[in-house]
Amino acid sequence: MTKVDTPVFTAPRSLKKVVTHFCPGCQHGTVHRLVAEALDHFAVQARTIGVASVGCSVFLYEYFDIDVVEAPHGRAPAVATGVKRALPDRIVFTYQGDGDLAAIGTSEIIHAANRGEGMTVIFVNNSTYGMTGGQMAPTTLPGQKTSTSPYGRDIANDGRPIRMAELLTQLDGTSYSARVAVNTPRNVLAAGKAVRKAFQTQIEGRGFSFVEILSTCPTNWGVSPLEANERIATEMIPCFPLGTFKDWALDAPGTGAK
Ligand SMILES: Cc1ncc(C[n+]2csc(CCOP(=O)(O)OP(=O)(O)O)c2C)c(N)n1
């Protein structure tokens, strides 16, 4: 029999072939792959500039084979605004956790979206500040125990989780906003499509695009990787429904509604 050497599964060109630092069961690696696949798909690796934020994702400049600028806490959308305005032919994306985007940088994300900046924002929501020891975030679920809410998030005291994808949908400058998860193969495929659509939005000059990705943090949730993955389905998705909340292709007649 002839041996077939054609690989059926290859690494994205936009990722370096290095070992990452993420904890077992963390889904940042999966999200990195989806972003890299989108860059490969549109063949924009050479003209893409990533803006790294703080938190566990900070080392993306070690993993992506693209140019990356590092932004201070929460300021990635502001830095990306400057990069995109200075170099409008580049594809610019930020990659941010919930502590960074929904707490420290609330103002930056809202105003970048409202201005309709031509950037793509990848928002990894693991409902906690992962890198710094699992503190409560604006996305922490009601009752969820964290290092700063050891008895569980109390909504009377701490408010309810912020749904960023829906919130940004309200702003006229937002052209595309979706929430996805990477807890099942089916959801990973849907997440990949959303990430591609977000980059397509930018490549076609259609303004601000946002993808929220529900993601695990087994280390700070204090559960096994498998339990963390199951928790996405049983607890996170009911609180943060998956879906496309705004899509220029659907919302604007005459722009190619599908
Ligand atoms: C003691 C301490 N407080 C605050 C910071 C600033 N800081 C850096 S990373 C981070 C948390 C980021 O969490 P998130 O954006 O949710 O990303 P994740 O680590 O979960 O991926 C904070 C608050 C710090 N480095 N050290």
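What you see is a predicted model; the values in this text were computed from it and never measured.

This brings us to the overall build of the protein chain. Within the protein chain, the secondary structure is distributed over 11 helices and nine strands. Its C-alpha atoms give the protein chain a radius of gyration of 18 Å, within 12% of the compact-globule value 18 Å for 258 residues. With respect to the three principal axes, the spread of C-alpha positions in the protein chain is 55 × 50 × 35 Å. Contacts in the protein chain between residues at least 24 apart in sequence constitute 67% of all its contacts with a sequence separation of at least 6. Counting only carbon and sulfur atoms, one obtains 57% of the accessible surface of the protein chain, whose full area is about 11800 Å². The averaged location of the 23 negative side-chain charges in the protein chain is 4 Å from the averaged location of its 24 positive side-chain charges.

Attention shifts here to the UniProt feature "domain: Thiamine pyrophosphate enzyme TPP-binding" (unreviewed entry) in the protein chain. Using the residue numbers shown here, the UniProt feature "domain: Thiamine pyrophosphate enzyme TPP-binding" (unreviewed entry) corresponds to residues 63-213. The span residues 63-213 is 38% helical and 23% strand by assignment, and the distance between its end C-alpha atoms comes to 19 Å.

Here Asn183 lies in the loop between β7 (174-181) and α8 (185-203). Within the structure, Asn183 has its side chain in polar contact with the side chain of Asn187 (distance 2.7 Å). Residues contacting Asn183, with those up to four places away along its chain left out, are Gln27, Asn229, Ile232, Ala233 and Ile237.

Attention now moves to the packing of aromatic side chains. Tallied over the full model, the rule gives five aromatic pairs. Ring plane angle 65 degrees and centroid distance 5.7 Å describe the contact between Phe22 and Tyr63, whose orientation is recorded as edge-to-face. On the criterion of sequence distance, the pair formed by Phe22 in the segment before α1 (28-41) and Tyr63 in helix α2 (residues 60-63) is long-range, its members being 41 residues apart. For Phe22, a relative accessible area of 14% gives the class buried. Since its relative accessible area comes to 7%, Tyr63 is described here as buried. Site record: aromatic cluster; members linked through ring pairs are Phe64, Phe93 and Phe199. Directly above the ring of Trp248 sits Lys197, whose terminal nitrogen or CZ lies 4.9 Å from the centroid. Across from the ring centre of Trp248, 4.0 Å away, lies the NZ or CZ of Arg206, which sits over that ring.

To continue, consider the layout of surface pockets. Volume-wise, the largest pocket comes out at about 210 Å³. Considering the residues around the largest pocket, the lining is formed by 18 residues, among which Val54, Gly55, Cys56, Tyr129 and Gly130 are closest to the centre. At the level of elements, α4 (98-104) and β5 (128-129) are the ones that each hand at least two residues to the lining of the largest pocket. Residue contributions to the lining of the largest pocket peak at four residues, all from α4. Residue composition of the lining of the largest pocket, grouped by class: six nonpolar, 10 polar and two charged. The calculated volume of the second largest pocket comes to roughly 150 Å³. In terms of residues, the lining of the second largest pocket owes the most to one element, α1, which gives three residues. Split into classes, the residues belonging to the lining of the second largest pocket amount to five nonpolar, three polar and three charged.

Reading the values: rules and limits
Residues numbered from 1 in each chain as written. Predicted model: local features only at pLDDT ≥ 70, side-chain atom pairs only at ≥ 80, totals over all residues. Heavy atoms only, no water. Helix = DSSP H or I, 4+ residues; strand = E, 2+ residues; numbered from the N terminus. Rg over C-alpha atoms; globule rule 2.2 N^0.38 Å. Contact = heavy atoms within 4.5 Å. Areas by Shrake-Rupley, 256 points an atom, 1.4 Å probe, with all protein chains shown as cover. Lys, Arg positive; Asp, Glu negative; His and termini not counted. Charge placed at Lys NZ, Arg CZ, Asp CG, Glu CD. UniProt positions renumbered as here; feature names shortened; annotations may be inferred. Polar contact = N/O pair within 3.5 Å; in protein donor to acceptor, adjacent residues only side chain to side chain. Phe/Tyr/Trp six-rings, centres within 6.5 Å; stacked < 30°, edge-to-face > 60°. Buried < 20%, exposed > 50% of the residue type's maximum accessible area, 1.4 Å probe, protein only. Lys NZ or Arg CZ within 6 Å of the ring centre and 35° of its normal. 1 Å grid on protein atoms, 1.4 Å probe; cavity = no way out; pocket = protein on both sides within 12 Å on 5 of 7 lines; lining within 4 Å. Points joined across faces, edges and corners; volume = space filled by probe spheres on them. Nonpolar A, V, L, I, M, F, W, Y, C, P; charged D, E, K, R; others polar.

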